[in-house]
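Each chain is listed here by its residues.
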Amino acid sequence: MGCLGNLLWFIFGGFIAGLGWCIVGLLWCITIVGIPVGVQCFKMAGLSFMPFGKDVTCGGGTVSLLLNVLWLIFGGLELAAGFCVIGAILCITIIGIPFGLQMLKLAKLALMPFGAEVS
């Protein structure tokens, strides 16, 4: 399911989503202060391109917690809510359940990206 799921995901929206995250990451990396946010955007892009077969594990320390709180205040909560809504809509049909679960994986990373590892 991994290869076929990633192929279907990439064709039907994963490319656009990942490309959008890459562009946002590049814009954040233009500034010195925004480089940590840009790196997180590149994590999101990698997962948005091909999410099947990858896992997100949360961790980190105090600095990650503080950055995640700032991330939530400045747009992370809305982003995660959007992924959750799309994931719930996809999970309504039996065929859409695997894709809905991948959206929920993206929501987890969008909620707390600092200190998260994508493997």
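Up top is the structure these notes are about.
Residues numbered from 1 in each chain as written. Predicted model: local features only at pLDDT ≥ 70, side-chain atom pairs only at ≥ 80, totals over all residues. Heavy atoms only, no water.

**Q** Which residues make up the packing of helix H1 (residues 2-29) against helix H2 (residues 35-49), and what are the values?
**A** Viewed as axis vectors pointing N to C, H1 and H2 meet at an angle of 170°, and their least axial separation amounts to 8 Å. The angle between the axes of H1 and H2 places the two elements in the roughly antiparallel class. Here the residues of the contact of H1 with H2 are counted per class, giving 19 nonpolar, five polar and no charged. (Axes fitted to C-alpha atoms, helices over the stretch in contact; angles between N-to-C directions. Helix = DSSP H or I, 4+ residues; strand = E, 2+ residues; numbered from the N terminus. Parallel < 35°, antiparallel > 145°, perpendicular 65-115°, else oblique. Nonpolar A, V, L, I, M, F, W, Y, C, P; charged D, E, K, R; others polar.)

**Q** Break down the nonpolar core for me, with residues and values.
**A** Core analysis: the largest hydrophobic core is formed by 20 residues, its most contacted members being Trp9, Trp21, Met44, Phe83, Leu106 and Leu109. For this core, the secondary structure elements donating two or more residues are H1, H2, helix H3 (62-90) and helix H4 (97-111). A total of six residues in this core trace back to one element, the largest contributor, which is H4. With residues up to four places along the chain from it excluded, the contact list for Leu109 reads Lys43, Met44, Leu47, Val56, Ala116 and Val118. (Core = buried A, V, L, I, M, F, W, Y, C linked by side-chain atoms within 4.5 Å. Buried < 20%, exposed > 50% of the residue type's maximum accessible area, 1.4 Å probe, protein only. Contact = heavy atoms within 4.5 Å.)

**Q** Could you give me a rundown of the environment of Ala116, with the residues and numbers involved?
**A** By the element assignment, Ala116 lies in the loop between H4 and strand S2 (117-118). Overall, the relative accessible area of 0% leaves Ala116 in the buried class. Expressed as a C-alpha distance, the spacing of Ala116 and Ile23, which sit 93 residues apart in the sequence, is 21 Å. Setting aside chain neighbours within four positions, we find Ala116 in contact with Lys43, Val56, Thr57, Cys58 and Leu109.

**Q** Please set out the packing of H1 against H4 residue by residue, giving values where relevant.
**A** The N-to-C vectors of H1 and H4 enclose an angle of 75°; their axes lie 11 Å apart at closest approach. Relative to H4, the element H1 lies roughly perpendicular. Seen from H1, the contacting residues are Gly5, Leu8 and Trp9; seen from H4, they are Phe99, Gln102, Met103 and Leu106. Among the residues making up the contact of H1 with H4, the classes are represented as five nonpolar, two polar and no charged.

**Q** Give me the lowdown on the packing of aromatic side chains, citing residues and values where you can.
**A** Taken as a whole and judged by the stated rule, the model has seven aromatic pairs. Relative to Phe99, the ring of Phe52 has its centre 5.6 Å away and its plane inclined at 85°; by these criteria the two rings are edge-to-face. Residue Phe52 is found in the loop between H2 and strand S1 (56-57), and its partner Phe99 is found in helix H4; the two are separated by 47 residues along the sequence. Residue Phe52 shares its accessibility class with Phe99, and that shared class is buried. Through successive ring pairs, a cluster of aromatic residues spans Trp9, Phe52 and Phe99. (Phe/Tyr/Trp six-rings, centres within 6.5 Å; stacked < 30°, edge-to-face > 60°.)

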